[in-house]
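Residue-level structure breakdown
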Amino acid sequence: MDAQRLAKEDYFENETFTDLDLQGGDLGQKEFYRCTFQRCQLQESRWKNTKLEACVFSDCDLSRAQLQSTALRDVRFEGSKLMGIDWTPVSPNPELAFDKCVLRYTSFVGLSLRRTAFLGCSAMEANFFDLDLTEADFSGTDLTGSNFRGCNLTKADFSTSVGAFLDPATNRMKGTHVPVETAVLLAQSLGMRVSGFNGEAGERSSRKKSR
């Protein structure tokens, strides 16, 4: 599949796009069904009113791609760079999965992302606002510096994530699985000193020796 045909045609089924350079390309008003994108350069590409169903992006770079009214059904991103993308304007109820992707500086606002998988990703400095993340899976994902606000995190799994700060005052967290690190960050934000963290254990040991 060459870039010229991709630019001209509007419907693609069971196609594989490999090693294409489509930086800044206009891929709007197209339909992709069961298509695979491999090692494609798609930075700042535009997908306005495009439909993607049962598609896979593998080792692609879609940094700062524009996804206005993009319909996403059963779309999986594997080992891809998705930096700086605002997912907010996609069509309602997207069906997404992310595996070992770079999601730094991305924004997700006002979407239903129930059961969405964010596995082994780098999502530092990302914004998650007003989302339904019920039963979402963040296993192995680095969330350092990320912001969660107004989210439904019921039964979401953060148990092996890193750097997640989740505030139950601004998020619904019934049955949410969190690592000890997250619980400690919350306690410290409320002014508590947690034994065994931030030198607390060392101070206690020193006091015992001085007696």
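Figured I'd write up the structure that's included with this text. (Residues numbered from 1 in each chain as written. Predicted model: local features only at pLDDT ≥ 70, side-chain atom pairs only at ≥ 80, totals over all residues. Heavy atoms only, no water.)

1. Comments concerning the environment of D167
- Assignment of secondary structure puts D167 in the loop between β13 (147-149) and α2 (180-189).
- Not counting residues within four places of it along the chain, the set of residues in contact with D167 comprises M173 and L186.
- A polar side-chain atom of D167 sits 2.9 Å from the main-chain amide nitrogen of A169. (Helix = DSSP H or I, 4+ residues; strand = E, 2+ residues; numbered from the N terminus. Contact = heavy atoms within 4.5 Å. Polar contact = N/O pair within 3.5 Å; in protein donor to acceptor, adjacent residues only side chain to side chain.)

2. What to know about the sheet that holds strand β5 (residues 51-53)
- Sheet architecture is open: 4 strands sit in the order β1-β3-β5-β7, paired in parallel fashion. Only two strands of the sheet have a single neighbouring strand rather than two, namely β1 (11-13) and β7 (71-73). On average, each strand axis in the sheet is inclined to that of its neighbour by 5°, with strand direction left out of account.
- Inspection of the sheet shows β5 paired to β7 by 3 bridges, in the parallel sense. Within β7, the position partnered with L52 by the bridge is L72. (Pairing = 2+ DSSP bridges. Axes fitted to C-alpha atoms, helices over the stretch in contact; angles between N-to-C directions.)

3. As for α2
- Taken together, the buried positions of α2 are T182, V184, L186 and A187.
- G191 lies just past α2 and shows a positive phi near 90°. (Buried < 20%, exposed > 50% of the residue type's maximum accessible area, 1.4 Å probe, protein only.)

4. Quick notes on the pattern of salt bridges
- Going through the model one piece at a time under the given rule, you end up with 10 salt bridges.
- R115 is paired through a salt bridge with E135; the nearest N and O atoms lie 3.1 Å apart. Of the two residues, R115 sits in the loop between β10 (107-109) and β11 (117-119) while E135 sits in the loop between β12 (127-129) and β13, which places them 20 residues apart along the sequence.
- A relative accessible area of 54% places R115 in the exposed class.
- What emerges from the salt-bridge pattern is a single network uniting R76, E78, D99 and K100. (Salt bridge = Lys/Arg side-chain N within 4 Å of Asp/Glu carboxyl O.)

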